[in-house]
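What follows is each chain in one-letter form.
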Amino acid sequence: KAGVTQTPRYLIKTRGQQVTLSCSPISGHRSVSWYQQTPGQGLQFLFEYFSETQRNKGNFPGRFSGRQFSNSRSEMNVSTLELGDSALYLCASSLTGATGNTIYFGEGSWLTVV
Amino acid sequence: TQLLEQSPQFLSIQEGENLTVYCNSSSVFSSLQWYRQEPGEGPVLLVTVVTGGEVKKLKRLTFQFGDARKDSSLHITAAQPGDTGLYLCAGVNYGGSQGNLIFGKGTKLSVKP
């Protein structure tokens, strides 16, 4: 079966711009989570969506937002980009997020802010 | 704030050697997962340990969850170059979702032929 698909894979943006990243989960998966990965901080949780509702949110500023559509596809948006937002953004999906579910990660979207 | 500390941060060994990676926290988790991430790819789940004291084996990899559910270890026997990668541990809070994982910063393993 197809894995978690993230688009775009690579992008370069300028400070102050905004960016939207997309994630298509594995078919049938309703839980979608987003993580930011940087060399200094490692993987940090951004937010989780389940059935179009935000279920959990990490400790990131309000410039980071997301949403989930009825087909479980998810998008995250970062407004007013800062240099420190340069990172690998990873999306993960599972059936419901319950213990015992296997979690699958996408290959990520590499964002560079210049 | 819950933290997962992984050690060592970097490990470079020769093929055939054994190694152990540690994941420690002052917090209790309902379960703990181990992932391996290769350059340019997302993390891949290796194992989930749920019961305190639990030991799971995956070929040459042995995972253990501490009795108090605060720590875990990953032991690799006779490491091979294909084991090279970033090993990450991740904890799940009690009552929380696996969609909200707390990750350690990882152990970067390099196995030389």
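Please refer to the structure higher up on the page.
These notes cover the structure that comes with them. (Residues numbered from 1 in each chain as written. Chains lettered and ligands numbered in written order. Predicted model: local features only at pLDDT ≥ 70, side-chain atom pairs only at ≥ 80, totals over all residues. Heavy atoms only, no water.)

1. So, the interface of chain B and chain A
Spelled out, the test is: Contacts are assigned to residue pairs with any non-hydrogen atoms lying within 4.5 Å of each other. Here the quantity called buried area is the accessible surface, traced with a 1.4 Å probe, that two parts lose on coming together, added over both. A 3.5 Å cut-off defines polar contacts: any pair of N or O atoms within that distance qualifies, except that in protein one atom must be a possible hydrogen donor and the other a possible acceptor, and neighbouring residues in sequence count only when both atoms are side-chain atoms. Secondary structure is summarised from DSSP: a helix means a run of H or I of at least four residues, a strand means a run of E of at least two, and numbering begins at the N terminus for each. Only Asp, Glu, Lys and Arg are considered charged, only Ala, Val, Leu, Ile, Met, Phe, Trp, Tyr, Cys and Pro nonpolar, and every remaining residue, Gly among them, polar.
Listed per partner, the contact involves 17 residues of chain B and 24 residues of chain A. When the two sides are added together, the surface that chain B and chain A hide from each other amounts to roughly 1,600 Å², 51% of it contributed by carbon and sulfur. At the junction of chain B with chain A, the criterion picks out four residue pairs in polar contact (both at pLDDT 80 or more). Elements with a minimum of two residues in the side of chain B that touches chain A: strand E4 (31–37) and strand E9 (85–92) of chain B. The biggest single contributor to the side of chain B that touches chain A is E4 of chain B, with three residues. Across the side of chain B that touches chain A, the residue classes break down as seven nonpolar, eight polar and two charged.

2. What to know about empty space enclosed by the protein
Definition in use: Grid points spaced at 1 Å over the protein atoms alone were grouped into cavities, where a 1.4 Å probe fits but cannot get out, and pockets, open sets with protein on both sides within 12 Å along at least five of seven lines, with lining residues defined by an atom within 4 Å of a point. Grid points are joined across faces, edges and corners, and a volume is the space filled by probe spheres set on the points.
All told, the structure shown has one cavity of 30 Å³ or more when counted by the stated rule. The computed volume of the largest cavity comes to approximately 50 Å³. Taken together, Ser 31, Ser 33, Tyr 35, Ala 92, Ser 93, Ser 94, Ile 103 and Phe 105 of chain A together with Gln 98, Gly 99 and Leu 101 of chain B make up the full set of residues lining the largest cavity. Considered class by class, the residues forming the lining of the largest cavity number five nonpolar, six polar and no charged.

3. With respect to the sheet that holds strand E1 (residues 5–7) of chain B
Two modes of strand pairing occur in sheets, parallel and antiparallel, and in both the strands are linked by backbone hydrogen bonds. All names here are of chain B. Cut-off, in case you're wondering: At least two DSSP bridges between two strands are required for those strands to pair. Note on geometry: axes are lines fitted to C-alpha atoms, helical ones only across the stretch in contact, with angles between N-to-C directions running from 0 to 180 degrees.
Taking strand neighbours across the sheet as the criterion, the five strands line up as E1-E3-E8-E7-E6 in an open arrangement whose pairing is antiparallel. Looking at which strands have only one partner, the edges of the open sheet turn out to be E1 and strand E6 (55–58). Each neighbouring strand pair of the sheet contributes to a mean axis angle of 15 degrees, computed without reference to strand direction. The sheet contact formed by strand E3 (residues 19–24) and strand E8 (residues 71–76) spans six bridges and is antiparallel. Paired with Cys 23 across the bridge in E8 is Ser 72.

Purely geometric numbers; function is a separate question.
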